[in-house]
Amino acid sequence: MSESGLLEKDITCPFCWELILILVEPFEAQTYTEDCSVCCHPILIRTEIFGEDLIVSATQEDEGF
Ligand SMILES: [Zn+2]
């Protein structure tokens, strides 16, 4: 865990398929968009908490709803 209290997670960008590192809140389920640091497309990031595990999913912003 980083000093800011955020958790580092790596996700695969759904646009360019590069592995990128994001920082997420470790104890809070969230949905937000973050621009890919490689291709700059907006990635929809969803975090869910299952027990002690934090599950991060990354999809294209206009999918999944
Ligand atoms: Zn990308």
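This report concerns the structure included in the present document. These numbers were taken from a predicted model, which means no experiment stands behind them.

1. So, the overall build of the chain
Helices and strands together make up the secondary structure of the chain, namely 0 helices and 5 strands. Element order for the chain, N to C, with α for helix and β for strand: β-β-β-β-β. Its C-alpha atoms give the chain a radius of gyration of 12 Å, within 12% of the compact-globule value 11 Å for 65 residues. Its C-alpha atoms put the chain at 30 × 25 × 15 Å along the principal axes. Taking all 65 residues of the chain together, 3% fall into the buried category. Pairs at least 24 residues apart make up 26% of the contacts formed inside the chain by residues separated by at least 6 positions.

2. Considerations on the sheet that holds strand β4 (residues 42–50)
Spatial ordering of the open sheet is given by β3-β4-β5, a layout of 3 strands whose pairing is antiparallel. Every interior strand has two partners, whereas the edge strands, β3 (30–35) and β5 (53–60), have only one. Direction aside, neighbouring strands of the sheet carry axes that sit 25 degrees apart on average. With 8 bridges connecting them, β4 and β5 associate as antiparallel partners. By the bridge assignment, T47 is partnered in β5 with V56.

3. Remarks on the pairing of strand β2 (residues 19–24)
Sheet topology note: the strand β1 (residues 7–12)/β2 ladder contains 6 bridges and is antiparallel. Counterpart to L7 in the pairing with β2 is V24. What sits between β1 and β2 in their antiparallel hairpin is a turn of 6 residues, with W17 showing a positive phi close to 65 degrees.

Parameters and conventions
Residues numbered from 1 in each chain as written. Predicted model: local features only at pLDDT ≥ 70, side-chain atom pairs only at ≥ 80, totals over all residues. Helix = DSSP H or I, 4+ residues; strand = E, 2+ residues; numbered from the N terminus. Rg over C-alpha atoms; globule rule 2.2 N^0.38 Å. Buried ≥ 20, exposed ≤ 12 C-beta atoms within 10 Å, placed from the backbone. Contact = placed C-beta atoms within 7 Å. Pairing = 2+ DSSP bridges. Axes fitted to C-alpha atoms, helices over the stretch in contact; angles between N-to-C directions.

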